[in-house]
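Architecture at a glance
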Amino acid sequence: MSGSGRLRGTTVLLAIGLLISSATGANTVGDGDGGGLRRKRTTDEKQQQHRRLTEADGVEQQLASRFFLPSKAQAELDEIDMRELIYLMNATMNLEMSMSFIVTLAPTPAPTVSTDAPSLSTMPTLTNCDNPGTCQNRLKDQIYAVSERMGTTAALDDPSSPQSQARDWIVEECDAVIPIDPCTASQLVLNEQRYGLAVMYFGLGGDSWNKGANPGQDAAAGPGQWMSGLNYCEWGPGISSTDGSLKLLVCDEQGNVLNLNLQSNNMVGQIPPEIGVFFAMTSYISFFNAQTGPIPTTLGYILPLETFDVERAFLFYKNQISGTIPPEIGNLNKLTWIDCEDNQIVGTIPEEFYSNTELEEVILKSNSITGTISDTIADLSKLGTFWVSFNQLSGTIPTTFGSLANLVELELQSNRLTGNIPTQFGTMGSIEFLSIESNLVVGTIPKELFGTNLGGLRILYLNDNQLTGTIPSNYGSSPRLKDLWLNDNMLSGTLPIISEGEFLFLEELLINNNDITGVVDESVCLVRNNTIPGGQLGVFHADCQPPPDGGQPQIQCSCCTACFV
């Protein structure tokens, strides 16, 4: 049986390439060099290492014929004592987070590392990996090391946990016709990912999935079913989406998990922390499921993650995700899209969140998020969509929104925001949709919201606040404005007249439930959609209903479509 976690190749080079390049740049360790990560080896040592790496040559020939064995990359591996490198990294660097996907060896006390060049005598004794018992022990040690990084070691003691079930499943592959390889350094990272996928399967009700289910974990199952004996890159069945045909699981050319497209797949349960082992993943899409629990902090380990669009997303809207947004999400410096809409997220938006300066779309609406919006929102200069409506956000609206030249959609409605509408909104030259309705905003309506400076503005919802003063006289000068909702405030004065050629695209104008008085000017009535030549205005609400006890209406309007008292 073959698996993605057992091929000699270049995966470890992907994981530690930067470290190797820096360690080998000009620092081959000589006498007294003091602990570099690489040293020159004698011809005998190289031959000895080569014998160790090829002791299971018969098995590897079968794997190479079925999968891939890049000759150039293999030559690079032959020049590096990979086991020694991983061992020393574990002993001397304590697995820094940025390298946390490197698998440690068995969790035994690390030997003392002297200032002299490390010798092969400091390495753990290599055992015969043809022995199934040795294979199982090594896999268990590797899984334990993964669990230490993911914070799930206690779960290994619970036979019903996804981690325990995944461990028991993967160690059985030691007895396969083509057994899993727990010894070759280039396979360690792939073994981790195979284990991580198994944890996800058991933790998210894999037997009941709409796509990819493999009840009973039949090792002979064909492509498109998880938990088979195949390379895990063949586990992903084809799925349909609005963007065309996708695969549920996609790998890169080295065999690393690249995309997980799990939307609408009847997934139930918590996203396990082991998602952090997919260090090369760029998208995780799992909307329309029933995932619960918090967002794993280990998400911060997936440094290439670009969105939370089919290729660049972390999308898990319409689930039951709870807990807070972890600060570790600030590590995802390639993140461009995050969509957590319609979950049960609480707490604040951490300051670290605004460190993701590649963000283009942020959708956090319909949760229970509290706290304020940071002034550092200005750091997200590429931001085009920011939806945080239907939460419990408070405080004032940052004036720094005005620096976001690419912002197209800003949804702040249905929160507890206070203070004034920033005049700086008038500099958001790309804005098309702006809503701050149903908050506690006070003050007057800035004249900067209208005019050619916001030439693309189509939707402006300012209703249901505590706005005072008059409607700006230039309110008709927005060339593309379609909806203008000013109802349910404390506005006063009269409705300003408009000039010929203004409000050509206006479809909805709501000014009811205010203190506006007087007569609606004929210039406004001329843009109604029932006049000749007429305009587009089809919904026009005002306080034009006479009071129940008689008397004149607050506003006299001959062209309104609905009148209120």
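See the structure above.
A separate point is the pattern of salt bridges. If charged atoms from side chains of opposite charge come close, those side chains can pair. Scanning all chains against the criterion turns up eight salt bridges. As a salt-bridge pair, lysine 382 and glutamate 358 come within 2.6 Å of each other at their nearest N and O atoms. Remark: glutamate 358 occurs in the loop between strand E11 (344–345) and strand E12 (361–363) and lysine 382 occurs in the loop between E12 and strand E13 (385–387); sequence separation between them is 24 residues. The class for glutamate 358 is partly exposed, based on a relative accessible area of 28%. Among the charged side chains, a salt-bridge network with shared partners connects Lys482, Asp483 and Glu507.

The next point concerns the packing of helix H7 (residues 162–171) against helix H8 (residues 188–203). Interaxial distance between H7 and H8 falls to 8 Å at its minimum, and their mutual angle equals 130°. If you check the angle between H7 and H8, you find them oblique. Here the hand of the crossing between H7 and H8 comes out right-handed. On H8, the residues that touch Pro162, Gln163, Gln165, Ala166, Arg167, Trp169 and Ile170 of H7 are Asn191, Arg194, Tyr195, Ala198, Val199, Phe202 and Gly203. Considering only residue class, the contact of H7 with H8 consists of eight nonpolar, four polar and two charged.

With that settled, consider the environment of glycine 538. Tracing the sequence through the fold places glycine 538 in the loop between helix H9 (522–525) and strand E24 (539–542). Distance from glycine 538 to threonine 561, taken between C-alpha atoms, is 7.4 Å for residues 23 residues apart in sequence. Excluding residues that lie within four positions of it along the chain, glycine 538 makes contacts with Glu507, Arg528, Asn529 and Thr561.

Moving on: the state of the cysteines. Taken as a whole and assessed by the stated rule, the structure comprises five disulfides. The disulfide partner of cysteine 557 is cysteine 560, and the gap between their sulfur atoms is 2.1 Å. Classification of the bridge connecting cysteine 557 and cysteine 560 rests on its S-S torsion, roughly 100°, and on that basis the disulfide is right-handed. On the accessibility criterion, cysteine 557 (18% relative accessible area) is buried.

Our next topic: the sheet that holds strand E9 (residues 320–323). Strand-to-strand pairing in sheets goes through backbone hydrogen bonds, with the strands running parallel or antiparallel. If you trace the four strands from one edge of the open sheet to the other, you get E5-E7-E9-E11, paired in parallel fashion. Looking at the sheet topology across the chains shown, the edges are occupied by strand E5 (268–270) and E11.

Let us look at a negative patch on the surface. A cluster of like negative charges, contributed by Glu351, Glu352, Asp375 and Asp379, occupies part of the molecular surface. Within the secondary structure, glutamate 352 sits in the loop between E11 and E12. By relative accessible area, glutamate 352 is classed as partly exposed at 36%.

Calculation rules
- Residues numbered from 1 in each chain as written.
- Predicted model: local features only at pLDDT ≥ 70, side-chain atom pairs only at ≥ 80, totals over all residues.
- Heavy atoms only, no water.
- Salt bridge = Lys/Arg side-chain N within 4 Å of Asp/Glu carboxyl O.
- Helix = DSSP H or I, 4+ residues; strand = E, 2+ residues; numbered from the N terminus.
- Buried < 20%, exposed > 50% of the residue type's maximum accessible area, 1.4 Å probe, protein only.
- Axes fitted to C-alpha atoms, helices over the stretch in contact; angles between N-to-C directions.
- Parallel < 35°, antiparallel > 145°, perpendicular 65-115°, else oblique.
- Left-handed = near helix turned anticlockwise from the far one by under 90°.
- Contact = heavy atoms within 4.5 Å.
- Nonpolar A, V, L, I, M, F, W, Y, C, P; charged D, E, K, R; others polar.
- Disulfide = S-S within 2.5 Å.
- Pairing = 2+ DSSP bridges.
- Patch = residues over 30% accessible without salt bridge, like charges linked within 9 Å, V, L, I, M, F, W, Y side chains within 5 Å.
- Areas by Shrake-Rupley, 256 points an atom, 1.4 Å probe, with all protein chains shown as cover.
- Lys, Arg positive; Asp, Glu negative; His and termini not counted.
- Charge placed at Lys NZ, Arg CZ, Asp CG, Glu CD.

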